[in-house]
Amino acid sequence: MLNDLKKLIAVPSVMGTPAADAPFGTGPRQALDTFLAIAANYGMRTHCEKGYCGWAEIGQGDGLIGILGHLDVVPAGDGWSHDPFTLVCENGMLYGRGVADDKGPTVAALHALKHIAESGEKCNHRIRLIVGCNEENGSECIEYYRAHCEIPQASFVPDADFPLINSEKGILHLLLQLPVDQVWQQNISAFTAGDRPNVVPDACVARIPKGSALYNIFALYGRDNSLFYKPQIAATIADAGLRIEDFSAHYFENELVLESRGVAGHAMAPEKGENAAVKLLRLLDGVYGDASPALRNVRRYLGEYNAANSLGITAKDDVSGELTVNLGVVSYKNNTLSLTLDCRLPVCADHEKVQQDIARLFPDGKLTVLRWSPNLYIPESDKLVQALLEAYGETTGGEKKCLYCGGGTYARELPNAVAFGPTFPDLETNIHNIDECFPIELFDKLPAIYEAAIRKLDKAF
């Protein structure tokens with residue numbers, strides 16, 4: 001099983017430029033080909049859907065039980081303890097981009113199918129492990145599957161938490177484009193952070209033209225990182241709730257480049273990361289916000305790791321939790337500041353009202369919906385949910401209860417599907433962050449849990 005995972009981790013399957021039969025780039029397509037070759041080597045029936053997705057299948061019959069995993073990953077980022085695309089086993093932990101999200105669980109599900117096939121026991125349904133290549137960027141892969149392939153009677157998705165996720169928040173991606181004032185134009189020539197809405201950005205850069213008022217303020221206190229330790233700047237940083245070591249300054253012939261460093265994380269829990277763009281907004285606002293209404297306004301509404309409260313759009317319910325907002329991507333060009341927001345909405349929140357409330361705060365801006373994926377909620381009494389909870393309880397002895405999450409999985413892309421593992425209670429796997437990991441001991445338990453789940457669903461449906 002580890003050898004199969006090693007082969008998949010070695011493929012940097014980050015979304016890239018579309019190519020022939022590789023709609024999401026050559027990396028995801030290579031991962032798909034690698035997976036299908038592994039499954040075929042185990043004697044499973046395999047199929048590729050024009051590079052969008054593929055599947056491996058065992059069993060006979062008219063009915064179909066589905067398992068959905070994904071082979072694409074978010075960018076690795078900098079600062080890993082090991083090569084992110086080399087599977088490393090160290091001190092009882094597996095490290096590598098995708099070991100938890102979602103190559104590791106997909107391999108575990110594959111080995112559950114392998115064990116069932118080798119047992120010789122007949123199933124009442126065909127069991128199909130469907131693998132996609134675009135989960136991290138909108139799930140177009142499973143949209144394609146839904147339009148062109150057979151829909152399972154019931155499915156589970158090994159891409160969340162145990163015991164089971166029966167409620168997923170709605171996902172709303174918004175592009176907010178704002179004109180900036182003349183002061184901003186004269187003092188900030190570039191402001192960039194992040195490349196994915198669903199990742200907390202861990203680095204941000206602002207370029208300050210030489211001779212501008214903002215340049216002169218910083219230059220007054222020094223021409224290296226010592227400037228951040230001068231009382232005036234240090235006090236600004238402290239007042240913003242930040243650390244001096246979060247920032248660095250680099251002087252060049254025609255500009256000052258300011259950098260902030262944060263901690264990456266998943267947008268479903270932005271408060272668990274440290275958004276580098278938020279940090280730099282806070283610093284610049286503290287130094288120069290009085291002069292630039294645009295800077296002050298952005299800092300006011302988006303200067304929190306979870307900006308739902310500052311935007312005035314808080315909401316919360318018992319079945320899906322609270323509303324969150326992550327500032328995932330920032331860019332500035334042609335006198336326009338572009339901000340991409342990842343909003344995770346509980347069942348009680350109305351996505352159209354959220355849009356209206358945000359737009360009202362920025363009357364001079366343009367708000368565009370990039371993505372809306374509705375909430376998923378399946379009652380605990382449903383037979384799909386009960387079958388999976390029984391499988392989890394019988395194989396682990398763990399508590400059989402339902403959870404909600406802010407992350408979006410393939411479960412919302414097909415009817416009658418929920419997310420089921422692989423993360424055990426109180427386990428931190430660093431998904432979407434550096435040093436993504438999974439304990440070997442727990443990884444070895446996954447195939448048995450997923451095999452039990454398949455057998456339960458095979459009988460229930």
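Quick summary incoming for the structure in this document. (Residues numbered from 1 in each chain as written. Predicted model: local features only at pLDDT ≥ 70, side-chain atom pairs only at ≥ 80, totals over all residues. Heavy atoms only, no water.)

1. Things to note about the overall build of the chain
When its secondary structure is counted, the chain shows 14 helices and 26 strands. In terms of overall dimensions, the chain is globule-like: its C-alpha atoms have a radius of gyration of 24 Å, near the 23 Å expected for 461 residues. In terms of overall dimensions, the chain has a C-alpha envelope of 75 × 45 × 45 Å along the principal axes. Within the chain, the fraction of its 461 residues that count as buried is 59%. Taking all contacts inside the chain whose residues are at least 6 apart in sequence as the whole, residues at least 24 apart take part in 73%. With the model as given, the accessible surface of the chain reaches about 18300 Å², and the carbon-plus-sulfur share is 47%. (Helix = DSSP H or I, 4+ residues; strand = E, 2+ residues; numbered from the N terminus. Rg over C-alpha atoms; globule rule 2.2 N^0.38 Å. Buried < 20%, exposed > 50% of the residue type's maximum accessible area, 1.4 Å probe, protein only. Contact = heavy atoms within 4.5 Å. Areas by Shrake-Rupley, 256 points an atom, 1.4 Å probe, with all protein chains shown as cover.)

2. Focus: the packing of helix H1 (residues 2–9) against helix H2 (residues 26–41)
Between H1 and H2, whose axes approach to 9 Å, the crossing angle comes to 160°. Here H2 runs roughly antiparallel to H1, going by the angle between their axes. H1 and H2 meet at a crossing whose hand is right-handed. On the side of H1, the interface is formed by Asp4, Lys7 and Leu8, while H2 contributes Ala31, Thr34, Phe35 and Ile38. Its residues assigned to classes, the contact of H1 with H2 shows 4 nonpolar, 1 polar and 2 charged. (Axes fitted to C-alpha atoms, helices over the stretch in contact; angles between N-to-C directions. Parallel < 35°, antiparallel > 145°, perpendicular 65-115°, else oblique. Left-handed = near helix turned anticlockwise from the far one by under 90°. Nonpolar A, V, L, I, M, F, W, Y, C, P; charged D, E, K, R; others polar.)

3. Quick word on the environment of Asp101
The topology assignment puts Asp101 in the loop between strand E5 (93–95) and helix H3 (103–119). On the accessibility criterion, Asp101 (7% relative accessible area) is buried. Asp101 sits 337 residues away from Phe438 along the chain, and the two C-alpha atoms are 9.8 Å apart. Sequence-distant contacts of Asp101, that is, excluding residues within four places in its chain, are made with His70, Asp72, Val73, Glu136, Asp159, Ile431, His432 and Glu436.

4. A few points about helix H4 (residues 140–148)
Of all the positions in H4, only Cys141, Ile142, Tyr144 and Tyr145 are classed as buried. All buried residues of H4 project into a common sector of 150° when viewed along the axis, lining one side. Elements in contact with the buried residues of H4: strand E1 (45–49), strand E2 (53–58), strand E3 (64–70) and strand E6 (126–132). (Arc of directions from axis to C-beta.)

5. A look at the packing of helix H6 (residues 213–220) against helix H8 (residues 276–288)
Close contact between H6 and H8 brings their axes to 11 Å; oriented N to C, the two are set at 95°. The angle between H6 and H8 places the two elements in the roughly perpendicular class. Contacts between H6 and H8 pair Ala213, Leu214, Ile217 and Phe218 from the former with Leu284, Val287 and Tyr288 from the latter. In the contact of H6 with H8, the residues fall into 7 nonpolar, no polar and no charged.

6. Some details on the nonpolar core
Within the largest apolar cluster, 77 residues are counted, with the highest numbers of intra-cluster contacts made by Phe35, Phe156, Leu388, Phe420 and Tyr450. Residue contacts for Phe156: discarding those within four places in its chain leaves Gly66, Ile67, Leu68, Leu388, Val418, Phe420, Tyr450, Ala453, Ile454 and Leu457. Trp184, Leu242, Ala294 and Leu341 belong to the second largest nonpolar core, which has 63 residues in total. (Core = buried A, V, L, I, M, F, W, Y, C linked by side-chain atoms within 4.5 Å.)

7. Focus: the packing of aromatic side chains
Going through the model one piece at a time under the given rule, you end up with 15 aromatic pairs. The interplanar angle of 90° and the centroid separation of 5.5 Å between the aromatic rings of Phe24 and Tyr52 together place this pair among those described as edge-to-face. Placement of Phe24 in the loop between H1 and H2 and of Tyr52 in the loop between E1 and E2 is noted, with a sequence separation of 28 residues between them. Relative to Phe420, the ring of Phe156 has its centre 5.7 Å away and its plane inclined at 80°; by these criteria the two rings are edge-to-face. Taken together, the residues Phe156 in strand E7 (residues 154–157) and Phe420 in the loop between strand E24 (417–419) and strand E25 (422–423) connect sequence positions 264 residues apart. Stacked on the ring of Tyr42, the Lys or Arg Lys114 has its end atom at 5.1 Å from the ring centre. Across the ring face of Trp55, the terminal group of Arg128 is positioned such that the distance to the ring centre comes to 3.8 Å. (Phe/Tyr/Trp six-rings, centres within 6.5 Å; stacked < 30°, edge-to-face > 60°. Lys NZ or Arg CZ within 6 Å of the ring centre and 35° of its normal.)

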